[in-house]
Every structure is written in C-alpha cells, then in structure tokens.
Amino acid sequence: MSTAPASATSVRWGLIAGNGRFPFLVLDAARSQGIDMAVIAIREEASPELEKVAPRLHWVSLGELSRALELLHQEGVNRAVMAGQVKHNKIFSSIRPDWKLAKLLFSLPVKNTDSLIGAVARVLESEGIQLVDSTAFLKPLVPAAGVLTRRAPDAREAADIGYGLEIARQIAALDLGQTVVIRDRACVAVEAMEGTDEAIERAARLVAGEPIVVVKVSKPRQDMRFDVPVVGLQTVEVMQRCRATALAVDADRALLLDRNRVIEAADAAGIAIEAFPPDTSSQGKGKK
C-alpha cells in the first residue's frame, strides 16, 4: 500500500481510543472543525459512552492488530490519532496477540511501552495510515511555561519541585515512568506501570499523610503521537485526598484535560500547578 501523505482533500480521519476523557475531547474538537472521525475503540479501556457520540465506532481487543487495521481500511482512514490511556500493565499482562501483533512483539529487542506503540505506529504507516500528534486537535489544552493556578508553589514546594524535576527526567530518560512524588527533597515514589494516581496514593501511605509534591514530565525525546503526559480532574482529586499540595508538569509537552475545570479544582483545593520548560540536558547523566 502507498504511504504517501494524503492530500488535504482526501484526508479520512480515524481515532484509536483508550480510556478517559481524551478521546471525547478529540472527537468534539474534530467535529467543531467539520471532521467526522471513525473510531477504533479498545475494548479493555475505552468508555461505552463513546457509542453515543461516535456513530462510526468499532470495538477491538488489545491484541487484535490485524482486525484494527482491517477496520481502518474499511473506513478509508489514512490519518489517525491515538487518544486515551492504555494502562501499561494491561499491555503486558492482559494482551492476547493475534499473529500480526505476535510477530511484531517477537521482533522487538526491547519490550517497553514506547517500543511497542512505536512499532504499531510504524505498522500503521506501512499500511498507508499516518499517525499524527495526539494533541493536534487540542492545542489550547497544552500549557505554556508558567504558573497555571492562582497560587504559585511556595518555597518548600519549589525546592521539592526542583529536586523532583531532576529525578523525574532521569527516570523518564530510561522509559521507566514519567512521575515522581517528593517529600522534603526525598523521592518517596516513582511511577512504573501502575500509573500516576496509584503512585501518588502509594506515596501518601508511605509518608503517613504528610504533604507531598508531584512532578510529571515528558520523555527527553517525547513522541507526541502517543503516551503524552496527561493530567485530568481525577488526578487533582487524588492529589487533594493524598495531601499533594503542588504539581509540576512540562510545558508544551503535557495535556490538561478539561483544562479550565482542572485549574478550578486545583484552586479550590489550594493546589499549585506550574509548567516548566522541558529540559533534555540531563539525559544519560546520572548523579553520583
């Protein structure tokens, strides 16, 4: 199949949907631009509510790569967006791969999430389906550098954020996770496959209710087509419950789902949120 980019008049859009609000926001934004998207929804992750807003929707299981490709071709899709989380532990524990995905998994020298989803993206492109920046329709939800809430981080929080950014960027460079939780310039928890919210809850248990700070960063060479750092209302609610008083994210490389509501909820909870310029200079330079 041809891999040539589709012309402006022949673009047919598809959405590969995981969990959360992200797919709904992409569909709404696309519809506001007169774009009708066919949806391939991941059965183990995507919300059944998608059926109410996406008339052209097909369900596939995580391992059904061949079926997903067949459906995308059936819909004439030549440009696609991945939106919504697929929990990392499900990718590696619940997956039942079909022959195409099994062959792809066998070929991977490193079986982390980035390599797997990156390989799927290459398969899509080999089939004439261009995977684009997952935030392409949602640029207003990607924060620029600066304080986003009414309150800026105080001196204690700023010190923890500075330390946390250094640690988080080292961890992200290894593709282990993108979030760390800090208390008094000590790393209390590092996100792995469990996800941000569970890492925050684990940290809260370890410090027995003392205030903590959350730092969530992008990878040094973040591929904006997938696995972009996302913060939504649920994370703010978890932070409030766990006495996490400040959140740092990377500017231009994170997505605040329902941005206005996230910031309003943070303000109401007294949580400070600040976006910092991404820094790749620490890649590969471990502290001694």
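Right above here is the structure, for reference.
Residues numbered from 1 in each chain as written. Predicted model: local features only at pLDDT ≥ 70, side-chain atom pairs only at ≥ 80, totals over all residues. Heavy atoms only, no water.

Enquirer: Is there a simple way to think about unusual backbone geometry in this case?
Expert: The phi dihedral of Asp-175 is positive, around 60°, even though this residue is not glycine. As for its position among the elements, Asp-175 is in the loop between α7 (155–173) and β7 (179–183). (Helix = DSSP H or I, 4+ residues; strand = E, 2+ residues; numbered from the N terminus.)

Enquirer: Where do I start with the sheet that holds strand β9 (residues 212–216) in this structure?
Expert: Backbone-to-backbone hydrogen bonds pair the strands of a sheet. The strands run either parallel or antiparallel. Spatially, β6-β13-β11-β9-β7-β8 is the arrangement adopted by the six strands of the open sheet, whose pairing is mixed. Each edge of the sheet is formed by a strand with only one pairing partner; in this case those strands are β6 (146–147) and β8 (186–190). Two strands pair when backbone bridges link them, and strand β11 (residues 244–250) and strand β13 (residues 272–276) are joined in this way by five bridges, in the parallel orientation. Bridged to Val-249 within β13 is Ala-275. (Pairing = 2+ DSSP bridges.)

Enquirer: Looking at this structure, I do not really get the environment of Ala-121. What am I missing?
Expert: Following the sequence through the fold, Ala-121 ends up in helix α6 (residues 113–126). The class of Ala-121 is buried, set by a relative accessible area of 0%. In sequence terms Ala-121 and Arg-225 are 104 residues apart; their C-alpha atoms lie 8.7 Å from each other. Excluding residues that lie within four positions of it along the chain, Ala-121 makes contacts with Leu-131, Arg-225 and Phe-226. (Buried < 20%, exposed > 50% of the residue type's maximum accessible area, 1.4 Å probe, protein only. Contact = heavy atoms within 4.5 Å.)

Enquirer: Got a minute to help me understand the packing of aromatic side chains in this structure?
Expert: For any pair of aromatic rings, the description rests on two quantities: the centre-to-centre distance and the angle between the ring planes. This model, assessed by the stated rule, comprises one aromatic pair. Geometrically, the ring pair formed by Trp-13 and Phe-137 is edge-to-face, given 5.0 Å between the ring centres and 75° between the ring planes. In this pair, Trp-13 is assigned in strand β1 (residues 13–17) and Phe-137 in the loop between β5 (130–131) and β6, connecting sequence segments 124 residues apart. Given the relative accessible area of 13%, Trp-13 is considered buried. (Phe/Tyr/Trp six-rings, centres within 6.5 Å; stacked < 30°, edge-to-face > 60°.)

Enquirer: What am I meant to see in the sheet that holds strand β2 (residues 38–42) here?
Expert: Pairing within the open sheet is parallel, and its five strands lie in the order β3-β2-β1-β4-β5. Of all strands in the sheet, those bounded by a partner on one side alone are β3 (57–60) and β5. Here β1 pairs with strand β4 (residues 79–83) via five bridges, running parallel. The partner of Ile-16 across the bridge, within β4, is Met-82. Packing against the sheet, helix α1 (residues 22–32) makes contact with β1, β2 and β4, and its axis sits at approximately 165° to β1. The sheet contacts of helix α3 (residues 65–74) involve β2 and β3, and relative to β3 the element is tilted by about 170°. (Axes fitted to C-alpha atoms, helices over the stretch in contact; angles between N-to-C directions.)

Enquirer: Teacher, can you tell me more about the side chain of Glu-45 here?
Expert: By the element assignment, Glu-45 lies in the loop between β2 and α2 (50–53). Relative accessible area serves as the criterion here: at 9%, Glu-45 is assigned to the buried category. A polar contact is formed between the side chain of Glu-45 and the side chain of Asn-19, at a distance of 2.7 Å. (Polar contact = N/O pair within 3.5 Å; in protein donor to acceptor, adjacent residues only side chain to side chain.)

Enquirer: Would you take a moment to explain the environment of Ala-136 for this structure?
Expert: If you trace the backbone, Ala-136 turns up in the loop between β5 and β6. Between the C-alpha atoms of Ala-136 and Ala-30, which are 106 residues apart in sequence, the distance is 9.6 Å.

Enquirer: Any chance you could explain the packing of helix α8 (residues 196–206) against helix α9 (residues 233–241) here in plain terms?
Expert: Describing two packed helices takes the angle between their axes plus the distance from one axis to the other. The geometry of α8 relative to α9 is characterised by a closest axis approach of 10 Å and an angle of 0° between their N-to-C directions. Taken together, the axes of α8 and α9 are roughly parallel relative to one another. Together, Thr-196, Asp-197, Ile-200 and Glu-201 of α8 and Gln-234, Thr-235, Val-238, Met-239 and Arg-241 of α9 make up the contact between the two elements. Residues that form the contact of α8 with α9 fall into these classes: three nonpolar, three polar and three charged. (Parallel < 35°, antiparallel > 145°, perpendicular 65-115°, else oblique. Nonpolar A, V, L, I, M, F, W, Y, C, P; charged D, E, K, R; others polar.)

Enquirer: I keep staring at the nonpolar core and nothing clicks. Help me out?
Expert: Considering soluble globular proteins, one finds that nonpolar side chains tend to be buried as a cluster. Judged by nonpolar contacts, the single largest core of 29 residues is most densely connected at Leu-65, Met-82, Leu-104, Leu-116, Leu-124 and Leu-131. Residue assignment for this core shows that the elements contributing at least two residues are β2, α3, β4, α5 (99–107) and α6. With 28 residues, the next largest nonpolar core counts Ala-203, Leu-233, Ile-271 and Ile-273 among its residues. (Core = buried A, V, L, I, M, F, W, Y, C linked by side-chain atoms within 4.5 Å.)

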